Amino acid sequence: MFCTQIVFAQRDFDPEIDKSFKERVYFGGNFGLQFGTITAVEVSPLVGYMLTTKLSTGAGITYQYFEDKRYRPSYSSSIYGGRVFGRYNILEAFYAYAEYESLNLKFYDPFRDRFSTEWVPGLLIGGGYNQIGPGGRGGFNIMALYNVTYDNVRSPYASPLVLRVGFIY
């Protein structure tokens, strides 16, 4: 299943000099496209706030359109929800990450032999690599996360391992 989502980066700031709210806020986003037998379109913006030079927190929303043409009639669904996250920079480019998400999605329930729509929680932990761009403001990120609450019937992810690639500004 389509599982590309947003990740983000963190700038350095001097807590004695850069105390303004504006300097501590950052934005990120992801736009994913997949076409073919399985079509998926995703938009996942987020906003973060640096509590310290190493620790940040934030929130984001997710919307994903999913269509599978392997079935007749084809199956389509909208997945949406939100997330809150925390991130701690271990080294300049490497960080630890934790996220709680809740996604509303339609899935086939083989135990009831029908489709159900439910809010599905996810607790994802892991880490990532951050490549800050020229000027130190924008950047590119890649993360590997493990969904500790993975449910192979209801989860929107194909496995408990979730890989994410994204950008920030």
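Computed from a predicted model, the values in this text were never measured in an experiment.

Caption draft 1: Focus on the overall build of the chain. The helix and strand inventory of the chain stands at 1 helix and 10 strands. In sequence order, the secondary structure elements of the chain are arranged as α-β-β-β-β-β-β-β-β-β-β. Sequence-distant contacts in the chain: of pairs separated by 6 or more residues, those separated by 24 or more amount to 54%. Entry remark: accessible area of the chain is about 9000 Å², with carbon and sulfur atoms responsible for 64%.

Caption draft 2: View of the pairing of strand S1 (residues 25–29). Of all 5 residues in S1, 4 are buried, a share of seventy percent or more. Where S1 and strand S10 (residues 161–168) come together, 2 bridges link them in antiparallel fashion. The residue bridging Gly28 from the neighbouring strand is Ile168, located in S10.

Caption draft 3: Broad picture of the environment of Thr57. As for its placement among the helices and strands, Thr57 is situated in strand S5 (residues 55–68). Take Thr57: its relative accessible area is 33%, and that puts it in the partly exposed class. When the C-alpha atoms of Thr57 and Val47 are compared, they prove to be 8.7 Å apart, with 10 residues separating the residues in sequence. Leaving out residues up to four positions away in the same chain, Thr57 has contacts with Tyr26, Gly48, Tyr49, Leu51, Phe85 and Gly86. Of note is the side chain of Thr57, whose polar atom sits 2.8 Å from the backbone oxygen of Phe85.

What counts as what
Residues numbered from 1 in each chain as written. Predicted model: local features only at pLDDT ≥ 70, side-chain atom pairs only at ≥ 80, totals over all residues. Heavy atoms only, no water. Helix = DSSP H or I, 4+ residues; strand = E, 2+ residues; numbered from the N terminus. Contact = heavy atoms within 4.5 Å. Areas by Shrake-Rupley, 256 points an atom, 1.4 Å probe, with all protein chains shown as cover. Buried < 20%, exposed > 50% of the residue type's maximum accessible area, 1.4 Å probe, protein only. Pairing = 2+ DSSP bridges. Polar contact = N/O pair within 3.5 Å; in protein donor to acceptor, adjacent residues only side chain to side chain.

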